[in-house]
Amino acid sequence: METDIAARVPQFVKTVIDVLERAGHRGYLVGGSLRDLLLGKAPHDFDLTTDATPGEVLEIFRDFRVIPTGLRHGTVTVLSDGNPIEITTHRVDGDYLDSRRPESVSFTRRLSDDLSRRDFTVNAMAWSESEGLIDLFSGREDLKKGIIRAVGNPAARFTEDALRILRAFRFSAQLDFAIEEKTLAGAKATREGLARISAERVFAELCRLLTAAAAQKGLNALVAADCVRYVFFDTVLRENRFHTLTTLPAEPELRLALLLLGDEPSAVRQLCRRLKASNAFTEKVCDLLLAAAEPLPTNLYEARRHVCRYWQAFAGGMLLRQALGEDVTKAAELCQAVAKNGTAIELRRLAVNGKELQERLGVLPVRTGEMLARLQDFCWQDPARNKKNKLIELATEIIGREKDFING
Ligand code: ATP
Ligand code: MG
(Lines give C-alpha, C1' and ligand atoms only; values in the text may rest on other atoms or scores of the structure.)
(Ligands and ions follow the chains in the order given, each with its own letter.)
Protein backbone atom coordinates (compact mmCIF):
# COMPACT_ATOMS: atom_id res chain seq x y z
CA MET A 1 0.00 0.00 0.00
CA GLU A 2 2.81 2.39 0.90
CA THR A 3 4.41 1.97 -2.51
CA ASP A 4 0.99 2.88 -3.74
CA ILE A 5 1.24 6.32 -2.12
CA ALA A 6 4.77 6.78 -3.41
CA ALA A 7 3.54 6.22 -6.94
CA ARG A 8 0.87 8.86 -6.53
CA VAL A 9 3.03 11.62 -5.06
CA PRO A 10 4.23 13.85 -7.90
CA GLN A 11 7.96 14.08 -8.52
CA PHE A 12 7.99 17.84 -7.87
CA VAL A 13 6.83 17.14 -4.30
CA LYS A 14 9.38 14.37 -3.76
CA THR A 15 12.10 16.71 -4.98
CA VAL A 16 11.32 19.23 -2.24
CA ILE A 17 11.33 16.52 0.46
CA ASP A 18 14.66 15.32 -0.97
CA VAL A 19 16.25 18.74 -0.74
CA LEU A 20 15.19 19.02 2.90
CA GLU A 21 16.56 15.56 3.71
CA ARG A 22 19.85 16.22 1.99
CA ALA A 23 20.22 19.32 4.13
CA GLY A 24 19.89 17.09 7.21
CA HIS A 25 16.23 17.87 7.87
CA ARG A 26 12.96 16.09 7.37
CA GLY A 27 10.02 16.88 5.17
CA TYR A 28 6.61 15.22 5.05
CA LEU A 29 3.53 15.55 2.93
CA VAL A 30 0.62 16.37 5.28
CA GLY A 31 -2.96 17.52 5.59
CA GLY A 32 -5.58 17.59 2.85
CA SER A 33 -3.14 16.77 0.07
CA LEU A 34 -2.12 13.47 1.65
CA ARG A 35 -5.75 12.69 2.54
CA ASP A 36 -6.87 13.29 -1.02
CA LEU A 37 -4.02 11.20 -2.46
CA LEU A 38 -4.97 8.31 -0.20
CA LEU A 39 -8.54 8.62 -1.42
CA GLY A 40 -7.33 8.46 -5.00
CA LYS A 41 -8.31 12.09 -5.65
CA ALA A 42 -6.12 14.76 -7.16
CA PRO A 43 -5.04 17.22 -4.42
CA HIS A 44 -5.57 20.89 -5.26
CA ASP A 45 -2.41 21.91 -3.43
CA PHE A 46 0.51 20.31 -1.66
CA ASP A 47 1.44 21.03 1.95
CA LEU A 48 4.65 19.87 3.54
CA THR A 49 5.76 20.09 7.14
CA THR A 50 9.38 20.16 8.26
CA ASP A 51 11.55 20.30 11.37
CA ALA A 52 13.60 23.07 9.76
CA THR A 53 12.82 26.58 10.99
CA PRO A 54 11.47 29.09 8.45
CA GLY A 55 14.90 30.72 8.35
CA GLU A 56 16.53 27.37 7.65
CA VAL A 57 13.98 26.64 4.92
CA LEU A 58 14.77 29.96 3.22
CA GLU A 59 18.48 29.12 3.37
CA ILE A 60 18.02 25.54 2.13
CA PHE A 61 15.91 26.68 -0.84
CA ARG A 62 18.04 29.70 -1.73
CA ASP A 63 18.42 28.36 -5.29
CA PHE A 64 14.66 27.98 -5.74
CA ARG A 65 12.06 30.64 -6.30
CA VAL A 66 10.67 31.20 -2.84
CA ILE A 67 7.73 33.23 -1.60
CA PRO A 68 7.75 33.99 2.15
CA THR A 69 3.98 33.43 2.37
CA GLY A 70 3.47 33.53 6.11
CA LEU A 71 6.80 33.58 7.85
CA ARG A 72 5.20 34.43 11.19
CA HIS A 73 3.18 31.22 10.98
CA GLY A 74 6.19 29.35 9.70
CA THR A 75 5.11 29.00 6.08
CA VAL A 76 7.37 29.38 3.08
CA THR A 77 6.18 28.63 -0.44
CA VAL A 78 8.73 27.04 -2.72
CA LEU A 79 8.21 26.76 -6.45
CA SER A 80 9.18 23.27 -7.53
CA ASP A 81 9.13 22.81 -11.28
CA GLY A 82 6.67 25.69 -11.39
CA ASN A 83 4.36 24.20 -8.74
CA PRO A 84 3.86 26.07 -5.46
CA ILE A 85 4.58 23.84 -2.44
CA GLU A 86 3.83 25.23 1.02
CA ILE A 87 6.40 24.24 3.58
CA THR A 88 5.39 24.88 7.18
CA THR A 89 7.67 24.33 10.16
CA HIS A 90 6.24 21.82 12.68
CA ARG A 91 4.06 23.87 14.97
CA VAL A 92 2.37 23.67 18.28
CA ASP A 93 -0.37 26.19 18.78
CA GLY A 94 -0.36 28.34 21.89
CA ASP A 95 -3.40 29.01 24.04
CA TYR A 96 -6.68 29.66 22.32
CA LEU A 97 -8.42 32.49 24.08
CA ASP A 98 -11.25 33.44 21.75
CA SER A 99 -12.36 30.07 20.31
CA ARG A 100 -10.39 30.81 17.25
CA ARG A 101 -6.92 32.29 17.06
CA PRO A 102 -4.16 30.74 19.05
CA GLU A 103 -2.47 33.46 21.08
CA SER A 104 0.89 32.37 19.79
CA VAL A 105 2.40 29.71 17.60
CA SER A 106 5.64 28.09 18.47
CA PHE A 107 7.78 25.87 16.37
CA THR A 108 8.83 22.41 17.37
CA ARG A 109 11.26 19.86 16.03
CA ARG A 110 8.80 17.04 16.73
CA LEU A 111 6.48 15.86 14.02
CA SER A 112 4.17 14.22 16.55
CA ASP A 113 3.46 17.60 18.18
CA ASP A 114 2.53 19.04 14.82
CA LEU A 115 0.23 16.15 13.96
CA SER A 116 -1.49 16.31 17.36
CA ARG A 117 -2.65 19.89 16.84
CA ARG A 118 -4.42 19.01 13.59
CA ASP A 119 -8.20 18.81 13.53
CA PHE A 120 -9.28 15.36 12.31
CA THR A 121 -7.54 12.00 12.09
CA VAL A 122 -7.91 11.91 8.30
CA ASN A 123 -6.09 15.27 8.16
CA ALA A 124 -3.38 14.32 10.67
CA MET A 125 -1.20 11.87 8.77
CA ALA A 126 2.25 12.47 7.31
CA TRP A 127 4.20 10.78 4.54
CA SER A 128 7.71 10.76 3.17
CA GLU A 129 9.37 8.30 0.84
CA SER A 130 12.03 7.41 3.41
CA GLU A 131 9.65 6.89 6.35
CA GLY A 132 6.44 5.88 4.63
CA LEU A 133 3.05 6.74 6.12
CA ILE A 134 3.07 8.11 9.67
CA ASP A 135 -0.38 7.64 11.08
CA LEU A 136 -0.47 8.24 14.83
CA PHE A 137 -4.26 8.50 15.12
CA SER A 138 -5.51 5.77 12.78
CA GLY A 139 -6.46 8.24 10.08
CA ARG A 140 -6.02 5.60 7.41
CA GLU A 141 -8.59 3.38 9.05
CA ASP A 142 -11.02 6.29 9.42
CA LEU A 143 -10.51 7.11 5.76
CA LYS A 144 -11.43 3.55 4.86
CA LYS A 145 -14.45 3.57 7.15
CA GLY A 146 -15.52 7.02 6.00
CA ILE A 147 -15.36 8.70 9.39
CA ILE A 148 -14.54 12.22 10.57
CA ARG A 149 -13.02 11.88 14.03
CA ALA A 150 -11.38 14.62 16.10
CA VAL A 151 -7.75 14.17 17.06
CA GLY A 152 -7.75 13.85 20.85
CA ASN A 153 -10.64 14.95 23.03
CA PRO A 154 -13.33 16.37 20.72
CA ALA A 155 -14.85 18.85 23.16
CA ALA A 156 -11.40 20.16 24.10
CA ARG A 157 -10.39 20.53 20.46
CA PHE A 158 -13.63 22.32 19.57
CA THR A 159 -13.29 24.59 22.57
CA GLU A 160 -9.81 25.57 21.37
CA ASP A 161 -11.15 26.43 17.95
CA ALA A 162 -14.87 26.33 17.18
CA LEU A 163 -14.22 26.69 13.46
CA ARG A 164 -13.33 22.99 13.59
CA ILE A 165 -17.00 22.24 14.26
CA LEU A 166 -17.95 23.76 10.93
CA ARG A 167 -14.98 22.08 9.26
CA ALA A 168 -16.30 18.74 10.53
CA PHE A 169 -19.67 19.36 8.85
CA ARG A 170 -17.94 20.56 5.68
CA PHE A 171 -15.60 17.58 5.44
CA SER A 172 -18.52 15.26 6.09
CA ALA A 173 -20.25 16.88 3.09
CA GLN A 174 -17.20 16.93 0.85
CA LEU A 175 -16.02 13.40 1.58
CA ASP A 176 -19.44 11.87 2.18
CA PHE A 177 -18.19 10.76 5.62
CA ALA A 178 -20.13 10.26 8.84
CA ILE A 179 -19.05 12.22 11.89
CA GLU A 180 -17.98 9.86 14.65
CA GLU A 181 -20.35 9.81 17.59
CA LYS A 182 -18.10 11.36 20.25
CA THR A 183 -16.91 13.98 17.80
CA LEU A 184 -20.50 14.95 17.02
CA ALA A 185 -21.38 14.97 20.72
CA GLY A 186 -18.32 17.14 21.38
CA ALA A 187 -19.46 19.58 18.70
CA LYS A 188 -22.91 19.76 20.24
CA ALA A 189 -21.55 20.31 23.74
CA THR A 190 -19.26 23.16 22.69
CA ARG A 191 -21.36 24.75 19.97
CA GLU A 192 -21.63 28.09 21.77
CA GLY A 193 -18.08 28.82 20.65
CA LEU A 194 -19.49 29.23 17.15
CA ALA A 195 -21.00 32.54 18.18
CA ARG A 196 -17.47 33.95 18.28
CA ILE A 197 -16.46 32.80 14.81
CA SER A 198 -16.47 35.65 12.29
CA ALA A 199 -19.40 35.74 9.88
CA GLU A 200 -17.00 35.65 6.92
CA ARG A 201 -15.58 32.31 8.03
CA VAL A 202 -18.99 30.86 8.80
CA PHE A 203 -20.21 31.94 5.37
CA ALA A 204 -17.14 30.51 3.62
CA GLU A 205 -17.61 27.13 5.33
CA LEU A 206 -21.34 27.17 4.57
CA CYS A 207 -20.68 27.75 0.86
CA ARG A 208 -18.18 24.91 0.75
CA LEU A 209 -20.63 22.63 2.56
CA LEU A 210 -23.57 23.53 0.32
CA THR A 211 -21.63 22.97 -2.89
CA ALA A 212 -20.20 19.63 -1.75
CA ALA A 213 -21.14 16.29 -3.30
CA ALA A 214 -22.86 15.10 -0.11
CA ALA A 215 -24.23 18.44 1.10
CA GLN A 216 -27.16 16.75 2.83
CA LYS A 217 -24.80 14.81 5.06
CA GLY A 218 -23.12 17.97 6.31
CA LEU A 219 -26.48 19.66 6.90
CA ASN A 220 -27.85 16.66 8.76
CA ALA A 221 -24.80 16.78 11.03
CA LEU A 222 -25.32 20.52 11.54
CA VAL A 223 -28.88 19.81 12.64
CA ALA A 224 -27.88 16.80 14.77
CA ALA A 225 -25.29 18.91 16.63
CA ASP A 226 -27.90 21.61 17.17
CA CYS A 227 -25.78 24.22 15.41
CA VAL A 228 -28.36 25.57 12.94
CA ARG A 229 -28.80 28.91 14.68
CA TYR A 230 -25.09 29.73 14.53
CA VAL A 231 -25.16 29.50 10.76
CA PHE A 232 -28.74 30.27 9.75
CA PHE A 233 -29.81 32.45 12.69
CA ASP A 234 -33.64 32.65 12.74
CA THR A 235 -34.12 30.78 9.49
CA VAL A 236 -35.99 27.53 9.93
CA LEU A 237 -34.34 24.83 7.85
CA ARG A 238 -36.55 22.65 5.70
CA GLU A 239 -34.91 19.31 6.27
CA ASN A 240 -37.11 17.56 3.73
CA ARG A 241 -35.25 19.48 1.02
CA PHE A 242 -31.75 18.40 2.04
CA HIS A 243 -31.71 15.35 -0.19
CA THR A 244 -32.62 17.35 -3.30
CA LEU A 245 -29.76 19.86 -2.91
CA THR A 246 -27.34 17.82 -4.95
CA THR A 247 -29.73 17.58 -7.89
CA LEU A 248 -28.77 21.24 -8.41
CA PRO A 249 -25.48 22.46 -9.90
CA ALA A 250 -22.85 23.14 -7.24
CA GLU A 251 -23.53 26.88 -6.96
CA PRO A 252 -23.88 28.24 -3.43
CA GLU A 253 -26.55 30.82 -4.35
CA LEU A 254 -28.72 28.21 -6.03
CA ARG A 255 -28.43 25.65 -3.26
CA LEU A 256 -29.02 28.22 -0.55
CA ALA A 257 -32.06 29.47 -2.46
CA LEU A 258 -33.51 25.97 -2.43
CA LEU A 259 -33.37 25.94 1.37
CA LEU A 260 -34.88 29.43 1.59
CA LEU A 261 -37.65 29.18 -1.01
CA GLY A 262 -40.83 30.27 0.76
CA ASP A 263 -39.15 32.71 3.17
CA GLU A 264 -39.89 36.42 3.12
CA PRO A 265 -37.43 38.40 0.98
CA SER A 266 -36.69 40.63 3.96
CA ALA A 267 -35.74 37.58 6.03
CA VAL A 268 -33.52 36.29 3.24
CA ARG A 269 -31.78 39.65 2.99
CA GLN A 270 -31.30 39.75 6.73
CA LEU A 271 -29.73 36.29 6.73
CA CYS A 272 -27.36 37.29 3.91
CA ARG A 273 -26.45 40.48 5.76
CA ARG A 274 -25.69 38.59 8.96
CA LEU A 275 -23.51 36.18 7.01
CA LYS A 276 -21.75 39.19 5.43
CA ALA A 277 -22.49 37.80 1.97
CA SER A 278 -21.62 40.16 -0.90
CA ASN A 279 -24.37 42.25 -2.46
CA ALA A 280 -24.01 40.28 -5.66
CA PHE A 281 -24.56 37.02 -3.76
CA THR A 282 -27.61 38.40 -1.94
CA GLU A 283 -29.17 39.82 -5.09
CA LYS A 284 -28.64 36.57 -6.93
CA VAL A 285 -30.34 34.56 -4.19
CA CYS A 286 -33.24 37.02 -4.09
CA ASP A 287 -33.63 37.00 -7.89
CA LEU A 288 -33.67 33.21 -7.90
CA LEU A 289 -36.36 33.18 -5.23
CA LEU A 290 -38.47 35.73 -7.11
CA ALA A 291 -38.06 33.90 -10.42
CA ALA A 292 -38.97 30.57 -8.85
CA ALA A 293 -42.09 32.00 -7.22
CA GLU A 294 -43.61 33.42 -10.42
CA PRO A 295 -46.33 31.65 -12.38
CA LEU A 296 -44.67 29.43 -14.99
CA PRO A 297 -44.71 30.97 -18.49
CA THR A 298 -47.19 29.13 -20.70
CA ASN A 299 -46.56 30.87 -24.04
CA LEU A 300 -43.77 32.66 -25.86
CA TYR A 301 -45.03 36.06 -24.81
CA GLU A 302 -44.95 35.18 -21.13
CA ALA A 303 -41.64 33.42 -21.57
CA ARG A 304 -40.15 36.56 -23.09
CA ARG A 305 -41.34 38.64 -20.19
CA HIS A 306 -40.04 36.11 -17.67
CA VAL A 307 -36.64 35.85 -19.30
CA CYS A 308 -36.31 39.62 -19.62
CA ARG A 309 -37.17 40.19 -16.02
CA TYR A 310 -35.03 37.47 -14.49
CA TRP A 311 -32.35 37.09 -17.11
CA GLN A 312 -29.54 35.98 -14.83
CA ALA A 313 -31.85 33.88 -12.73
CA PHE A 314 -34.50 32.38 -14.97
CA ALA A 315 -32.65 29.13 -15.66
CA GLY A 316 -31.80 28.75 -11.95
CA GLY A 317 -35.40 29.50 -11.06
CA MET A 318 -36.52 26.63 -13.28
CA LEU A 319 -33.98 24.30 -11.68
CA LEU A 320 -35.28 25.23 -8.23
CA ARG A 321 -38.86 24.38 -9.15
CA GLN A 322 -37.72 21.16 -10.73
CA ALA A 323 -35.84 20.22 -7.57
CA LEU A 324 -39.11 20.65 -5.68
CA GLY A 325 -40.93 18.35 -8.05
CA GLU A 326 -42.61 20.80 -10.40
CA ASP A 327 -42.75 19.86 -14.09
CA VAL A 328 -41.08 22.76 -15.85
CA THR A 329 -40.24 21.07 -19.14
CA LYS A 330 -42.50 23.13 -21.37
CA ALA A 331 -41.82 26.47 -19.66
CA ALA A 332 -38.07 25.84 -19.66
CA GLU A 333 -38.18 25.07 -23.37
CA LEU A 334 -40.10 28.26 -24.08
CA CYS A 335 -37.65 30.31 -22.03
CA GLN A 336 -34.60 28.71 -23.61
CA ALA A 337 -36.08 29.39 -27.02
CA VAL A 338 -36.65 33.10 -26.45
CA ALA A 339 -33.28 33.45 -24.74
CA LYS A 340 -31.51 31.78 -27.62
CA ASN A 341 -33.20 33.42 -30.59
CA GLY A 342 -32.63 36.89 -29.19
CA THR A 343 -36.26 37.94 -28.91
CA ALA A 344 -35.84 38.49 -25.18
CA ILE A 345 -33.68 41.50 -24.52
CA GLU A 346 -31.08 41.06 -21.85
CA LEU A 347 -30.25 44.22 -19.93
CA ARG A 348 -26.76 44.37 -21.35
CA ARG A 349 -28.15 43.96 -24.88
CA LEU A 350 -30.41 46.99 -24.56
CA ALA A 351 -29.60 49.52 -27.26
CA VAL A 352 -28.79 52.11 -24.57
CA ASN A 353 -26.75 51.71 -21.45
CA GLY A 354 -26.79 53.38 -18.06
CA LYS A 355 -23.92 55.69 -18.87
CA GLU A 356 -25.71 57.06 -21.92
CA LEU A 357 -28.87 57.68 -19.91
CA GLN A 358 -26.85 59.58 -17.34
CA GLU A 359 -24.80 61.59 -19.80
CA ARG A 360 -27.43 62.37 -22.40
CA LEU A 361 -30.56 62.66 -20.30
CA GLY A 362 -29.19 63.48 -16.87
CA VAL A 363 -30.67 60.40 -15.23
CA LEU A 364 -29.37 60.21 -11.67
CA PRO A 365 -27.11 57.22 -10.95
CA VAL A 366 -29.46 55.94 -8.24
CA ARG A 367 -32.32 55.86 -10.74
CA THR A 368 -30.46 54.38 -13.67
CA GLY A 369 -31.19 50.73 -12.86
CA GLU A 370 -34.89 51.41 -12.57
CA MET A 371 -34.94 53.32 -15.88
CA LEU A 372 -33.11 50.51 -17.65
CA ALA A 373 -35.60 48.00 -16.27
CA ARG A 374 -38.47 50.09 -17.66
CA LEU A 375 -36.86 50.26 -21.08
CA GLN A 376 -36.32 46.51 -20.95
CA ASP A 377 -40.01 46.01 -20.15
CA PHE A 378 -40.85 48.15 -23.16
CA CYS A 379 -38.77 45.78 -25.31
CA TRP A 380 -40.07 42.47 -24.10
CA GLN A 381 -43.47 43.48 -25.34
CA ASP A 382 -41.94 44.08 -28.75
CA PRO A 383 -38.25 43.32 -29.26
CA ALA A 384 -38.26 45.48 -32.42
CA ARG A 385 -38.37 48.49 -30.08
CA ASN A 386 -34.79 47.86 -29.03
CA LYS A 387 -33.41 50.77 -31.02
CA LYS A 388 -31.36 53.56 -29.52
CA ASN A 389 -33.54 56.42 -30.74
CA LYS A 390 -36.76 54.69 -29.61
CA LEU A 391 -35.39 54.02 -26.14
CA ILE A 392 -34.03 57.54 -25.73
CA GLU A 393 -37.39 58.89 -26.85
CA LEU A 394 -39.20 56.74 -24.31
CA ALA A 395 -36.80 57.66 -21.51
CA THR A 396 -37.19 61.36 -22.38
CA GLU A 397 -40.94 60.98 -22.23
CA ILE A 398 -40.83 59.29 -18.83
CA ILE A 399 -38.53 61.98 -17.45
CA GLY A 400 -40.74 64.74 -18.92
CA ARG A 401 -43.86 63.28 -17.34
CA GLU A 402 -42.18 62.98 -13.98
CA LYS A 403 -41.15 66.65 -14.15
CA ASP A 404 -44.75 67.60 -14.99
CA PHE A 405 -45.98 65.70 -11.94
CA ILE A 406 -43.49 67.47 -9.75
CA ASN A 407 -44.24 70.91 -11.17
CA GLY A 408 -47.98 70.51 -11.43
P1 ATP B 1 -9.00 21.55 1.78
O2 ATP B 1 -7.79 22.37 1.44
O3 ATP B 1 -9.35 20.56 0.76
O4 ATP B 1 -10.11 22.36 2.26
P5 ATP B 1 -7.39 20.68 3.96
O6 ATP B 1 -7.50 19.50 4.87
O7 ATP B 1 -6.15 20.83 3.16
O8 ATP B 1 -8.65 20.64 3.04
P9 ATP B 1 -6.76 23.28 4.97
O10 ATP B 1 -7.66 24.31 5.56
O11 ATP B 1 -6.06 23.56 3.70
O12 ATP B 1 -7.62 21.95 4.85
O13 ATP B 1 -5.70 22.94 6.10
C14 ATP B 1 -4.60 22.07 5.89
C15 ATP B 1 -4.40 21.19 7.12
O16 ATP B 1 -4.16 22.00 8.27
C17 ATP B 1 -5.61 20.34 7.49
O18 ATP B 1 -5.63 19.13 6.77
C19 ATP B 1 -5.41 20.13 8.97
O20 ATP B 1 -4.45 19.12 9.21
C21 ATP B 1 -4.82 21.46 9.41
N22 ATP B 1 -5.83 22.43 9.85
C23 ATP B 1 -6.42 23.39 9.10
N24 ATP B 1 -7.29 24.12 9.83
C25 ATP B 1 -7.24 23.62 11.07
C26 ATP B 1 -7.90 23.94 12.29
N27 ATP B 1 -8.78 24.95 12.36
N28 ATP B 1 -7.59 23.22 13.38
C29 ATP B 1 -6.68 22.21 13.32
N30 ATP B 1 -6.05 21.84 12.21
C31 ATP B 1 -6.30 22.54 11.09
MG1 MG C 1 -5.66 22.48 1.87
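Before any of the text, the structure's been laid out above.
The sections below set out a description of the structure shown in this document. (Residues numbered from 1 in each chain as written. Chains lettered and ligands numbered in written order. Predicted model: local features only at pLDDT ≥ 70, side-chain atom pairs only at ≥ 80, totals over all residues. Heavy atoms only, no water.)

## Here's the deal with the site of ligand 1
Around ligand 1, 15 residues are found, and the nearest of them are Arg-35, Asp-161, Arg-164, Arg-170 and Arg-208. Note that a nitrogen atom of ligand 1 is positioned 3.1 Å from one of the backbone N or O atoms of Asp-119. In the model, an oxygen atom of ligand 1 is placed 2.6 Å from a nitrogen or oxygen of the Arg-208 side chain. Here ligand 1, which alone exposes 580 Å², has 81% of that area covered by the protein. Placement of ligand 1 is best described as lying within the largest pocket. Elements with a minimum of two residues in the shell around ligand 1: α3 (31-38) and α8 (163-175). Among the elements that make up the shell around ligand 1, the one with the highest residue count is α8 (four residues). Grouping the amino acids of the shell around ligand 1 by side-chain chemistry returns one nonpolar, four polar and 10 charged. (Near = heavy atom within 4 Å. Polar contact = N/O pair within 3.5 Å; in protein donor to acceptor, adjacent residues only side chain to side chain. Areas by Shrake-Rupley, 256 points an atom, 1.4 Å probe, with all protein chains shown as cover. 1 Å grid on protein atoms, 1.4 Å probe; cavity = no way out; pocket = protein on both sides within 12 Å on 5 of 7 lines; lining within 4 Å. Sits in = over half its atoms within 2 Å of the grid points. Helix = DSSP H or I, 4+ residues; strand = E, 2+ residues; numbered from the N terminus. Nonpolar A, V, L, I, M, F, W, Y, C, P; charged D, E, K, R; others polar.)

## A look at the nonpolar core
By size, the foremost hydrophobic cluster in this structure holds 104 residues, and its most contacted members are Phe-169 and Phe-232. Excluding anything up to four places from it in sequence, Phe-169 contacts Ile-179, Leu-184, Leu-209, Gly-218, Ala-221, Leu-222, Ala-225 and Cys-227. Ile-345, Leu-350, Val-352 and Leu-375 belong to the second-largest nonpolar core, a separate cluster that totals 16 residues. (Core = buried A, V, L, I, M, F, W, Y, C linked by side-chain atoms within 4.5 Å. Buried < 20%, exposed > 50% of the residue type's maximum accessible area, 1.4 Å probe, protein only. Contact = heavy atoms within 4.5 Å.)

## Topic: the packing of aromatic side chains
Taken as a whole and assessed by the stated rule, the structure comprises seven aromatic pairs. Here Trp-311 and Phe-314 contribute two aromatic rings whose centre-to-centre distance is 6.5 Å and whose plane-to-plane angle is 80°, an arrangement assigned as edge-to-face. Grouping aromatic residues by their ring pairs yields a cluster made of Phe-120, Phe-158 and Phe-171. The ring of Phe-171 carries the charged tip of Arg-170 above its face, separated from the ring centre by 4.4 Å. The cationic tip of Arg-385 hangs over the ring face of Phe-378; the distance from NZ or CZ to the ring centre is 4.2 Å. (Phe/Tyr/Trp six-rings, centres within 6.5 Å; stacked < 30°, edge-to-face > 60°. Lys NZ or Arg CZ within 6 Å of the ring centre and 35° of its normal.)

## A look at the state of the cysteines
Working definition of a disulfide: a covalent bond connecting the sulfur atoms of two cysteines. Counting across every chain of the model gives zero disulfides. Its sulfur unpaired, Cys-227 is 18 Å from the next cysteine sulfur, which belongs to Cys-207. The thiol of Cys-335 is unpaired, and the distance to the nearest cysteine sulfur, on Cys-308, comes to 10 Å. For Cys-335, a relative accessible area of 0% corresponds to the buried category. (Disulfide = S-S within 2.5 Å.)

## Overview of the packing of helix α19 (residues 354-361) against helix α20 (residues 365-381)
Running from N to C, α19 and α20 cross one another at 115°; their axes reach a closest spacing of 9 Å. One way to sum up the angle between α19 and α20 is to call them roughly perpendicular. Crossing geometry of α19 relative to α20 is assigned as right-handed. Judged by residue contacts, Gly-354, Leu-357 and Gln-358 of α19 engage Pro-365, Thr-368, Met-371, Leu-372 and Leu-375 from α20. Of the residues that constitute the contact of α19 with α20, the class distribution is five nonpolar, three polar and no charged. (Axes fitted to C-alpha atoms, helices over the stretch in contact; angles between N-to-C directions. Parallel < 35°, antiparallel > 145°, perpendicular 65-115°, else oblique. Left-handed = near helix turned anticlockwise from the far one by under 90°.)

## Focus on the sheet that holds strand β5 (residues 83-89)
Each strand in a sheet pairs with another by means of backbone hydrogen bonds, the pair being arranged parallel or else antiparallel. Strand order in the open sheet formed by seven strands is β3-β4-β5-β2-β1-β8-β9, and the pairing between neighbours is mixed. Edge positions in the sheet fall to β3 (65-70) and β9 (132-134), since each of these pairs with one other strand and no more. Ignoring strand direction, the axes of neighbouring strands in this sheet form an average angle of 35°. Here two bridges tie strand β1 (residues 27-30) to strand β8 (residues 126-128), and the two strands are oriented antiparallel to one another. Across the sheet, residue Val-30 finds its bridge partner in β8, namely Ala-126. Sheet strands in contact with α3 are β1, β2 (46-50), β8 and β9, and its direction is about 65° off that of β1. (Pairing = 2+ DSSP bridges.)

## Considering the layout of surface pockets
Here the largest pocket defines a volume of roughly 1,500 Å³. Lining of the largest pocket is provided by 48 residues; of these, Asp-47, Arg-91, Arg-117, Arg-118 and Arg-167 occupy positions nearest its centre. Those elements that place two or more of their residues in the lining of the largest pocket are α3, β2, β5, β6 (91-93), α8 and α10 (199-210). If you tally residues by element for the lining of the largest pocket, the top one is α8, at seven residues. Taken together, the residues of the lining of the largest pocket break down into 14 nonpolar, 12 polar and 22 charged. Cys-308, Arg-309, Trp-311, Leu-347 and Gln-376 are the residues nearest the centre of the second largest pocket, which is lined by 13 residues in total. Listing elements by their share of the lining of the second largest pocket, those giving two or more residues are α16 (300-309) and α20. Sorting elements by how many residues they give to the lining of the second largest pocket places α20 first, with four residues. Of the residues belonging to the lining of the second largest pocket, the class tally is five nonpolar, three polar and five charged. (Points joined across faces, edges and corners; volume = space filled by probe spheres on them.)

## Description of the pairing of β1
Of the two faces of β1, the one carrying Gly-27 and Leu-29 and the one carrying Tyr-28 and Val-30 are both buried. Judged from the four bridges that link them, β1 and β2 form a sheet pairing that is antiparallel. Following the sheet pairing, Tyr-28 is matched in β2 by Thr-49.

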